[in-house]
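Residue strings, one per chain:
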Amino acid sequence: KAGVTQTPRYLIKTRGQQVTLSCSPISGHRSVSWYQQTPGQGLQFLFEYFSETQRNKGNFPGRFSGRQFSNSRSEMNVSTLELGDSALYLCASRAPAGESTGELFFGEGSRLTVL
Amino acid sequence: TQLLEQSPQFLSIQEGENLTVYCNSSSVFSSLQWYRQEPGEGPVLLVTVVTGGEVKKLKRLTFQFGDARKDSSLHITAAQPGDTGLYLCAGRTDSWGKLQFGAGTQVVVTP
């Protein structure tokens, strides 16, 4: 089985721009979570989607949004970028209930640099 | 503030030494997980603990879940350079709740 795939791996934006990141979960996984990782804060939970519905949400401003498609692929969008948004954005998928041990399977991340 | 506090933040030891990483919270967790992350990669699950007082061993790694399910520890015996990485604890307060992570402990094992 292919793992979680995130694109792009690296990107550079300037303040005020917006960015869209993409995540393809493991085949059969319908739950997708997004995290922001920075050296000082560790992994901060952004949101989780299941069957195209946002199930959980972290404490991030409204500039951070996401969605999930019928094929379970997910995107997250950050608008009006700020310098502090520079981070590694990680996507993770989870096996369906009944199969799941609670383990999250992570992609390699999208590293965003805001100049 | 982090829901899960990990200590120490950084640990540098020589090959063959032992080390312990701690993960503490004031919240009760239904389950707690430990992940290891290496540079350029996403975190990978090491273990899940669900029962208070539970101890799990994975080769030279020993994981313990506190009796009250609020804290956990990871002990590595005779550390090797391959153990180098960022160790992250993560907990859920219910089965399908969000998984929240600590800030991580960077472990460096030198030959």
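Preceding block: the structure.
The model shown is predicted, which means the values in this text are computed figures rather than measured ones.

Enumeration over the complete set of coordinates arrives at two disulfides over all chains. Each disulfide pairs two cysteine sulfurs, and for Cys-23 of chain A the partner residue is Cys-91 of chain A, the sulfurs being separated by 1.8 Å. An S-S torsion of about -60 degrees defines the bridge between Cys-23 of chain A and Cys-91 of chain A as left-handed. Of this pair, Cys-23 of chain A sits in strand S3 (residues 19-24) while Cys-91 of chain A is found in strand S9 (residues 87-94), placing the two residues 68 residues apart along the sequence. Neither Cys-23 of chain A nor Cys-91 of chain A differs from the other in exposure class; each is buried. Two residues share a disulfide in this structure: Cys-23 of chain B and Cys-89 of chain B, whose sulfurs sit 2.1 Å from each other. Since a negative S-S torsion denotes a left-handed disulfide, the Cys-23 of chain B-Cys-89 of chain B link at about 75 degrees is right-handed. Pair noted here: Cys-23 of chain B is in strand S3 (residues 19-24) and Cys-89 of chain B is in strand S9 (residues 85-92), with a separation of 66 residues, a long-range link.

Evaluated as defined, the whole model comprises nine salt bridges over all chains. Put simply, Arg-9 of chain A and Glu-108 of chain A hold a salt bridge, and the shortest N to O gap is 2.9 Å. Note that Arg-9 of chain A is positioned in the loop between strand S1 (5-7) and strand S2 (10-13) and Glu-108 of chain A in the loop between strand S10 (105-106) and strand S11 (110-114), a separation of 99 residues in sequence. According to the relative accessible area criterion, Arg-9 of chain A is partly exposed, its value standing at 29%. By relative accessible area, which is 39% here, Glu-108 of chain A ends up partly exposed. In this structure, Glu-38 of chain B and Arg-36 of chain B form a salt bridge, with 3.8 Å as the shortest nitrogen-oxygen distance. Bridged by salt links that share partners, the residues Arg-63, Glu-82 and Asp-85 of chain A form one connected network.

Procedures and definitions
- Residues numbered from 1 in each chain as written.
- Chains lettered and ligands numbered in written order.
- Predicted model: local features only at pLDDT ≥ 70, side-chain atom pairs only at ≥ 80, totals over all residues.
- Heavy atoms only, no water.
- Disulfide = S-S within 2.5 Å.
- Helix = DSSP H or I, 4+ residues; strand = E, 2+ residues; numbered from the N terminus.
- Buried < 20%, exposed > 50% of the residue type's maximum accessible area, 1.4 Å probe, protein only.
- Salt bridge = Lys/Arg side-chain N within 4 Å of Asp/Glu carboxyl O.

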